[in-house]
Amino acid sequence: MKFLLDSHTHTLASGHAYCTLLEMVRAAAERELELICITDHAPGMELTTHRDYFLNFKVIDREIYGVKVLMGAELNVMDFDGTVDLPPKLLNNLDMAVASQHIWCMPQGGDADANTQAMVRAMDTCPKICILGHPDDGRYPLDYEALVRSAGERDVLLEVNNTSLSPACSRVNSTANVKEMLSVCRREGVPVVVGSDAHFVSAVGGHQYAQALLEEVGFPAELVLNGDPAAFLAHLERRLGRGS
Ligand SMILES: [Zn+2]
């Protein structure tokens, strides 16, 4: 399968990434991607500096260098109630959102039920969430049976995060967790999307670790949406069209 889209990338606006939006999209064009999602981190507790960034997405062309651009965010899930860190006014401006648990926002120590319920509640309260980001970090154990079923029922995609599977990543036990997630996705027919989680141009479109794992477990290509941007967009539209 040719990977034609990247669903998870960061620019300078994230604060700990190093390239501009144009540089990231140009890298996508050079790698012959047809679509890129720009998903900068929502600000956590520091809203003021980021408010204007998320407010003014209307000025950004949605096709640049021949690449379709979706302006989103990687939302932090902040607590076990599934609270996310952008208010509705800013969420309304997003084309889509990834929602993830991060050690700088989400309390650790919850069991799999609690962490899974946090993600389910986030999906239920925030209709912009189209993708669950890196649901593979052993610091936040998850009940994959419940998570995959809940995501599938809500037309939310599970992410296979290429960075999580790289040897340098600090997330814990990701390879085994992704394998478990994929086995449930395959059985339930729930699709996944590979996101690079790029924080620099060289990582845009990166999928080598994810692809190797998908091939190792024999995951069905038709359930990986990276080869079909139209199917990816249709999936997002189904989710966003629910409006709840
Ligand atoms: Zn993340």
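So, a few notes on the structure that sits alongside this text. Only a predicted model underlies this, so the values are computations on that prediction, with no experimental measurement involved.

## Some thoughts on the layout of surface pockets
As a volume, the largest pocket reaches approximately 280 Å³. What lines the largest pocket is a set of 17 residues, among which H102, W104, R139, S170 and R171 lie closest to the centre. Of the residues contributing to the lining of the largest pocket, the split by class is four nonpolar, eight polar and five charged.

## Considerations on the coordination of the zinc ion
Every protein donor of the zinc ion is accounted for by E74 (OE), H102 (NE2) and H134 (NE2), and the metal-donor separations fall at 2.0 to 2.2 Å. Binding-site remark: the zinc ion is held by donors from one chain whose sequence spacing is E-x27-H-x31-H. Here E74, found in strand β4 (residues 67-76), pairs with H102, found in the loop between β5 (96-100) and α4 (112-125); they are 28 residues apart in sequence, far enough to count as distant. Looking at H102, the relative accessible area reads 6%, which means it is buried.

## Observations concerning α4
Look at α4: 20 Å from first C-alpha to last across 14 residues, which is about the 20 Å you get at 1.5 Å a residue. Burial in α4 covers these residues: N115, T116, A118, M119, V120, A122 and M123. Tucked inside the fold, the buried residues of α4 contact β5, β6 (129-132), α5 (144-153) and α8 (229-242).

## Topic: the pairing of strand β2 (residues 35-41)
The element β2 is extensively covered by neighbouring structure, given that seven of its seven residues are classed as buried. Side chains L35, C37, T39 and H41 project from β2 onto one buried face, and the interleaved I36, I38 and D40 project onto a second face that is buried too. Here three bridges tie strand β1 (residues 5-9) to β2, and the two strands are oriented parallel to one another. Bridge pairing in β2 places D6 opposite I36. For the crossover that starts at β1, traverses helix α1 (residues 21-30) and ends in the parallel β2, the hand is right-handed. In this sheet, β4 lies alongside β2 in parallel orientation, the contact comprising seven bridges. Across the sheet, the residue bridging to L35 is K68, located in β4.

## Quick word on the packing of α4 against α5
Between α4 and α5, whose axes approach to 10 Å, the crossing angle comes to 5°. It follows from the interaxial angle that α4 and α5 lie roughly parallel. Across the interface between the two elements, T116, M119, V120 and M123 of α4 pack against A146, L147, S150 and A151 of α5. Of the residues assigned to the contact of α4 with α5, the class counts are six nonpolar, two polar and no charged.

Calculation rules
Residues numbered from 1 in each chain as written. Predicted model: local features only at pLDDT ≥ 70, side-chain atom pairs only at ≥ 80, totals over all residues. Heavy atoms only, no water. 1 Å grid on protein atoms, 1.4 Å probe; cavity = no way out; pocket = protein on both sides within 12 Å on 5 of 7 lines; lining within 4 Å. Points joined across faces, edges and corners; volume = space filled by probe spheres on them. Nonpolar A, V, L, I, M, F, W, Y, C, P; charged D, E, K, R; others polar. Donors = N, O, S within 2.8 Å, 3.2 Å for Na, K, Ca; no water. Helix = DSSP H or I, 4+ residues; strand = E, 2+ residues; numbered from the N terminus. Buried < 20%, exposed > 50% of the residue type's maximum accessible area, 1.4 Å probe, protein only. Expected span 1.5 Å × (residues − 1). Contact = heavy atoms within 4.5 Å. Pairing = 2+ DSSP bridges. Right-handed = clockwise from strand over helix to strand, strands pointing away. Axes fitted to C-alpha atoms, helices over the stretch in contact; angles between N-to-C directions. Parallel < 35°, antiparallel > 145°, perpendicular 65-115°, else oblique.

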